[in-house]
Every structure is written in structure tokens, then in C-alpha cells.
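# Coordinate inspection notes
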Amino acid sequence: MNNVNTTQAPAPQAAPSPNTAASAPPHPLREFWGYFSQNRGAVIGLAVIVAMVLMALFADIIAPHSPIEQFRQSTLVPPVWQTGGSSQFLLGTDPVGRDMLSRLIHGVRLSLLIGLVSISLSLTTGVLLGLLAGYFRGMVEIAIMRLMDIMLALPSLLLAIAVVAILGPGLMNAMYAIAVVMLPHYARQTRAAVIGEMSRDYVSASRIAGAGTLRIMFNCVLPNCLAPLIVQATLGFSSAILDAAALGFLGMGAQPPTPEWGSMLASAMEFIQSAWWVVAFPGLAILISVLAFNLMGDGLRDALDPKLKR
């Protein structure tokens, strides 16, 4: 009887299931948007800010009239939905016959410009001072931080008024004053972040590898300190808008006929009872813009801070 070979060939192995394969990590931007979009208030704030940026870029096209054009025969015209309103002036006119809607639209451009310039100046200077104080420590840290403490001891508005009083009233000088007021916050926050990063292993490894002082400061330490600074800068936009409006209201910021929201409020205070719209609309514009930046800043903080990620 012939022997039957009972040896069977090994069964082919099944291909690995796609579910068991290791999934690629998400893109950093997609991961950031996933955390950011969980905060609905932040998304709304971002949408408002995008609308403000578009409005500022295309203000000359969107605005129905020039912001400084005066219609002498149409002073203090109420909004279009109120009795006596005109479709030519949707939000009414101010005491000298200028279109409120056009001045509000052009005011967006000025407010964003004030925030951008003042935040850029204060952030750049504050980061450099904080980086020097946190890296070198010793007398350098003491000198810088005591100067920042003196500036923080003064009320912010009083310090801004003092700077404008020295430089003279005007829009650009108001930006410088706001930058000086916000400088200590960025310097102190950068110093604290740098001190925390200097004890990390990658800093020691960079020193052993022969990296110089400037390379360690700007290529190694500073990029790891940017997340809280970005959040603080976003929140600083709202403070810059408020400070600029306060200086304009006091007559030390943008000068008439510049369509700045604070100066618009100052020139219309005597008509607050007879013509509510000349005060209500600039105040509402300040409220919406400040709230939008605060909401977006909260969303950025939740998305960039690993401790707050769930």
C-alpha cells in the first residue's frame, strides 16, 4: 500500500486589516483646528475678525460715502428704520452731516491698524527684554524686571496719557503709548517661559553640541515659548482697541476728522439724549470687536495649551 503524503502546505497568511495598521498622526494644523473648533465662541470670534479684516481691506468699496464728506443739509439724520430716516444714510448722520456707516467701516481699518502696530512694537521689544532677562539672569534680569515693575505700578491709562503728553497728540503717538503700556506683560511672560525652558534637556544638548548663545536663544528656546505669547498678543488686540478709544475720547489719540471710534464718541457726547445713534453705534463697534478678540484668544489658549486639551 502506497504511503499517502499527508503533509499540507502552510495556509497563506491573511493581509493585515486596515483597522490594525498604525494610523498616521494628524497634521498639526488639523489637530489645532480640531481643538479650536470645539469652542463655539472662539469660532464666532474668528468669523467676526475675518469679517472685520475684509471690511478694512475693502473699506473704500464697501462704504457708501467718504468718511469725511459732510452733507450740511442732512445733519443728525436718524437711521433708516426710524421716523425721519433716509435710505441714503442707513445708520444716520453725525452732528456735521457725515455718514455714520461710512465712518464706522473706515474705523475698523484704524482699529486693526492700531492693534497691529502697537502689538507688534510691544511684542517684539517685550520678547527681546524677557529673553535677555530669562537667559542671562543676575543683574540683567534685576534691571529689566525692576523697570517692568515700575511700569506696571502705574495705571495703564495714566501711563499712556503721560507718553502722549510727551510725544504730542496724534494717531501714531497713541500707538507708541499703547505699545509702552503693554510692554511689561510680554517681557514678564517671556522671562517666565524662558526660565522654564532653560532647564530642559534639549538646551543642555545644544550647549554640548557647540551651539552659541544666539542660536540657543532664538533657535532653541524662543520657538518653544511662542504659544502663550500668541495667546497674549491676541488678547492684547482688544486692550489696544480699548486704550486707543480711551485716548481718542480724551482728545489725545486720533484727531478729527479721522474716523476713529473713540473720537467719534467724544464728539457726540452732547447729543446722547437727542441723537442716540451717534453714541450707540461707535460704542457697539468697540464692544463687538473687543469681544471677538477675547473669544478668539480663549480658543487659542485652549488649543495651544497642552494642559487644557482633553
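Reading the values: the criteria
- Residues numbered from 1 in each chain as written.
- Predicted model: local features only at pLDDT ≥ 70, side-chain atom pairs only at ≥ 80, totals over all residues.
- Heavy atoms only, no water.
- Helix = DSSP H or I, 4+ residues; strand = E, 2+ residues; numbered from the N terminus.
- Rg over C-alpha atoms; globule rule 2.2 N^0.38 Å.
- Buried < 20%, exposed > 50% of the residue type's maximum accessible area, 1.4 Å probe, protein only.
- Contact = heavy atoms within 4.5 Å.
- Areas by Shrake-Rupley, 256 points an atom, 1.4 Å probe, with all protein chains shown as cover.
- Lys, Arg positive; Asp, Glu negative; His and termini not counted.
- Charge placed at Lys NZ, Arg CZ, Asp CG, Glu CD.
- Phe/Tyr/Trp six-rings, centres within 6.5 Å; stacked < 30°, edge-to-face > 60°.
- pLDDT = per-residue confidence, 0-100.
- Salt bridge = Lys/Arg side-chain N within 4 Å of Asp/Glu carboxyl O.
- Polar contact = N/O pair within 3.5 Å; in protein donor to acceptor, adjacent residues only side chain to side chain.
- Core = buried A, V, L, I, M, F, W, Y, C linked by side-chain atoms within 4.5 Å.
- Patch = residues over 30% accessible without salt bridge, like charges linked within 9 Å, V, L, I, M, F, W, Y side chains within 5 Å.

### Comments concerning the overall build of the protein
Check the secondary structure of the protein and you find 12 helices and 0 strands. The order of helices and strands in the protein, counted from the N terminus, is α-α-α-α-α-α-α-α-α-α-α-α. Here the C-alpha radius of gyration of the protein, 28 Å, is well above what a compact globule of 310 residues would show, namely 19 Å. Relative to its 310 residues, the protein shows a buried fraction of 40%. Counted over contacts in the protein with a minimum sequence separation of 6, partners at least 24 positions apart contribute 70%. Of the roughly 17200 Å² of accessible surface on the protein, a fraction of 64% belongs to carbon and sulfur atoms. Of note, the protein has its 17 positive side-chain charges centred 9 Å away from the centre of its 15 negative side-chain charges.

### Quick notes on the packing of aromatic side chains
Inspection of every chain in the model, using the stated rule, returns 7 aromatic pairs. With 6.0 Å between their ring centres and 85 degrees between their planes, Trp-276 and Trp-277 make a pair best called edge-to-face. Judged by relative accessible area, which is 34%, Trp-276 ranks as partly exposed. Taken together, the ring pairs in this structure connect Trp-81, Trp-276, Trp-277 and Phe-281 into an aromatic cluster.

### Describing the environment of Phe-89
Checked against the element boundaries, Phe-89 lands in the loop between helix 3 (59–62) and helix 4 (100–136). By relative accessible area, which is 1% here, Phe-89 ends up buried. Placed 141 residues apart in sequence, Phe-89 and Ile-230 show a C-alpha to C-alpha distance of 39 Å. Beyond its immediate stretch of four places on either side in the chain, Phe-89 contacts His-65, Phe-71, Ser-74, Pro-78, Val-80 and Asp-99.

### Regarding the confidence of the model for the protein
In the predicted model, the protein carries a mean pLDDT of 86, and the fraction of residues at 70 or more is 90%. Highest mean pLDDT in the protein belongs to helix 2 (residues 40–57) (94); lowest belongs to helix 1 (residues 28–36) (79).

### Notes on the pattern of salt bridges
Applying the stated criterion to the full structure yields 9 salt bridges. Between Arg-98 and Asp-94 there is a salt bridge, and its shortest N-O distance comes to 2.8 Å. Arg-188 is the partner of Asp-149 in a salt bridge, and the nearest nitrogen-oxygen pair spans 2.6 Å. Placement of Asp-149 in helix 5 (residues 138–153) and of Arg-188 in helix 7 (residues 171–198) is noted, with a sequence separation of 39 residues between them. Residue class for Asp-149 comes out partly exposed when judged on its relative accessible area of 27%. Each of Asp-94, Arg-98 and Arg-103 takes part in salt bridges that share partners, so that together they form one network.

### Some points on the side chain of Ser-122
Structurally, the position occupied by Ser-122 is in helix 4. Residue classification places Ser-122 among the buried positions, given a relative accessible area of 1%. A distance of 3.3 Å separates a polar atom in the side chain of Ser-122 from the backbone oxygen of Ile-119. If near-sequence neighbours (up to four positions away) are discounted, Ser-122 is found in contact with Ala-179, Met-182, Leu-183 and Tyr-186.

### Notes on the nonpolar core
Grouped together as the largest cluster of nonpolar side chains are 50 residues, with contacts concentrated most on Met-100, Leu-104, Ile-178, Trp-261, Val-278 and Phe-293. The element contributing the most residues to this core is helix 12 (residues 277–304), with 12 residues. Counting 9 residues, the second largest nonpolar core, distinct from the first, contains Tyr-135, Ile-216, Met-217 and Val-221.

### Here we look at a nonpolar patch on the surface
On the surface, Val-50, Val-53, Leu-54, Leu-57, Phe-58, Ile-61 and Ile-62 cluster together into a nonpolar patch covering about 660 Å² of accessible area. If you list the elements that add at least two residues to the nonpolar patch, you get helix 2 and helix 3. Considering the arrangement of structural elements, one finds Phe-58 in the loop between helix 2 and helix 3.

### Quick notes on the side chain of Asp-94
With respect to the helices, strands and loops of the structure, Asp-94 is situated in the loop between helix 3 and helix 4. Those residues in contact with Asp-94, other than ones at most four positions away along the chain, are Thr-75, Leu-76, Met-100, Arg-103 and Val-278.

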